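What follows is the residue order along each chain.
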Amino acid sequence: LISEPFVLKTSKRWQDALDHDIFAKDYKGNPYVFDFYFGTSGLIDVFKPEAREWFWEIYKELTEQGVDAWWGDLGEPESHAADMVHEAGTAEYVHNIFGHRWAQMVFDGMTKDFPERRPFLLMRAGFAGSQRYGMVPWSGDVRRNWGGLKPQPQMALQMGMQGMAYAHSDLGGFADHTVDDVIQQDPELYIRWLQYGAFQPIFRPHSFESVPAEPIFWDDNTKAVVKRAIDQRYQLFPYNYTLAYEAASKGYPLMRPLFFIEPDNKELQDYSETYLWGDNILVAPILEKGAKTQQVYFPKGNSWIDLNTGKRHMGGQRHSVQTSIDYIPTYVRGGSFLPMFREAPQNTAKYSTAKLDVHYYFDPAVKSASYTLYDDDGQSNMSIENGKYELISFGAETSDQGLNISIASNGGKFKGKPKSRMVSLKLHKLSKQAKSVSLNGMTLGYKQAGKKGNKKGYLEKTDDGALTVVIPFKGSETNVTVMF
């Protein structure tokens, strides 16, 4: 639900707010009452303990009724007169930390009264350190045009490095408040913004009320293209959830600038046209109308495989790649693992790693690789601190004779943990034909059509050309050996 730090004079809570003395004051000590575009109102003084308590009780009541997450809007604050006085100081003195203290108020209330819940707070304003309060910031009421889209990756990258790992934008843009812009919709802009959104921390279309934000209100082609982007994001859910773990436990942003790979490359210090989604995915969003090609820098040290075409690009080079309206240029690092779902789950409640596709993109130059997947119950607060999670480690060792893939678990436990997992290990871009494949020393054969595969593991023929090994993984160390 959207909440704002103003109380309207027409609200049934107005008199109660006056009685509890929760408003910021004028220099005479009277409640500061002013005209706002919603109407005559007062601003809640979030620096005053009694005001915070009064405000939190509203959140508490609605949370008890079933609200899962909160949206704090206009928290700069939007209207903040210079002659307004708070308990902590004048408006000008406290202006930049108002949103920060507001977020702290909600977080502290959630921690005290709903300790089992994960606080989620979407906020338009904050300050250094606001990430500790579960804040999810966005870039505000951005214009719904190409000029609005273009700076979004750069802003999100900057915010991520400052600790705000979930910085994002209104997908599709918020609005241009003119009739012409409402009538003249730009499907290409909407598509490109949502395709970029599949690789930004929060996927959240939003717009001014007269502009359609939801794909269902667009033409059939736009809906189909956007659906592919949404499906891809949900298929990557295990990878994305692990990024959330890395943000929580290590402070890593989800979107990462390329100098994370090449820290000594000064040309990459202000380069945002291409960025990393986690460690293993490279994204080059289309930010200009009608672009037929896109300049992409591929970081050195690895090859990069196009997720949509399978074409390999060598690192340390800049290439002009052809674009398609169906997707934005997206690449996976050679010699890396990518956990995915074969089918996109329809919502987060259906998240389960009981069946998992794990893709390994072979690169003969990468002799050793590793990846760690995070899993928990998806709901409990303090899962990491309380040890209620599992880490599943994947390793790869390459030699002239073949490839060995290892899978192991730290044995962590949590509510709803799968008793076993059916892992489909998909090996892409192998440089040589596999002569044999074994699982823990047992030679595997292909599953025959119409028959069940060996419960101890088998090979599966798939349409993507990958060598697919189906592995029943129960937590003990497992090894797959491919001999060339």
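Scroll up to find the structure.
These numbers come from a predicted model, not from an experiment.

J.: Residues and numbers for the layout of surface pockets, please.
T.: In this structure, the second largest pocket occupies an estimated 640 Å³ of space. Around the second largest pocket sit 30 residues that line it, and Gln232, Gln235, Leu307, Asn308 and Met340 are the ones nearest its centre. Residue assignment for the lining of the second largest pocket shows that the elements contributing at least two residues are helix 9 (220-235), strand 14 (303-306), strand 18 (336-340), strand 19 (355-361) and strand 23 (421-428). In terms of residue count, the dominant contributor to the lining of the second largest pocket is helix 9 (four residues). Grouping the constituent residues of the lining of the second largest pocket by class yields 12 nonpolar, nine polar and nine charged.

J.: Requested: an account of the pairing of strand 14, with residues and values cited.
T.: Burial along strand 14 is two-sided: Ser303 and Ile305 facing one way and Trp304 and Asp306 facing the other are all buried. The sheet contact formed by strand 14 and strand 15 (residues 312-314) spans three bridges and is antiparallel. In the sheet register, Ile305 faces strand 15, and the bridge partner there is Arg312. Between the antiparallel neighbours strand 14 and strand 15 lie five residues, among them Gly310 with a positive phi of about 85°.

J.: Break down empty space enclosed by the protein for me, citing the residues and quoting the values.
T.: Taken as a whole, this structure holds one cavity of 30 Å³ or more when the rule is applied. Reported here for the largest cavity is a volume of approximately 40 Å³. The wall of the largest cavity is formed by Asp68, Ala69, Trp70, Val106, Phe107, Met110, Arg118, Pro119, Phe120 and Leu121. The greatest single-element share of the lining of the largest cavity, amounting to three residues, is contributed by helix 4 (residues 98-113). Taken together, the residues of the lining of the largest cavity break down into eight nonpolar, no polar and two charged.

J.: Go over the sheet that holds strand 27 (residues 467-473) with me, naming the residues and quoting the values.
T.: The sheet built from five strands is open, its strands ordered 18-19-23-27-26 with mixed pairing. Two strands lie at the open edges of the sheet, namely strand 18 and strand 26 (458-460), each paired on one side alone. Within this sheet the neighbouring strands show an average axis-to-axis angle of 25°, counted without direction. Relative to strand 23, strand 19 is paired through seven bridges, and the arrangement is parallel. Along strand 23, the bridge assignment pairs Lys355 with Met422.

J.: Hey, could you go over helix 2 (residues 49-64) for me, with residue numbers and the actual values?
T.: The end-to-end C-alpha distance of helix 2 is 22 Å, a good match for the 22 Å that 16 residues give at a rise of 1.5 Å each. Taken as a whole, helix 2 has its buried residues at Ala51, Trp54, Phe55, Trp56, Ile58, Tyr59 and Thr63. Buried positions along helix 2 lie against strand 1 (2-3), strand 2 (6-8), helix 1 (14-19), strand 5 (70-72) and helix 4. Directly beyond the C-terminal end of helix 2, a positive phi value near 120° is found at Gly66.

Definitions and limits used
Residues numbered from 1 in each chain as written. Predicted model: local features only at pLDDT ≥ 70, side-chain atom pairs only at ≥ 80, totals over all residues. Heavy atoms only, no water. 1 Å grid on protein atoms, 1.4 Å probe; cavity = no way out; pocket = protein on both sides within 12 Å on 5 of 7 lines; lining within 4 Å. Points joined across faces, edges and corners; volume = space filled by probe spheres on them. Helix = DSSP H or I, 4+ residues; strand = E, 2+ residues; numbered from the N terminus. Nonpolar A, V, L, I, M, F, W, Y, C, P; charged D, E, K, R; others polar. Buried < 20%, exposed > 50% of the residue type's maximum accessible area, 1.4 Å probe, protein only. Pairing = 2+ DSSP bridges. Axes fitted to C-alpha atoms, helices over the stretch in contact; angles between N-to-C directions. Expected span 1.5 Å × (residues − 1). Contact = heavy atoms within 4.5 Å.

All quantities given are derived from atomic positions and should not be read as evidence of function.
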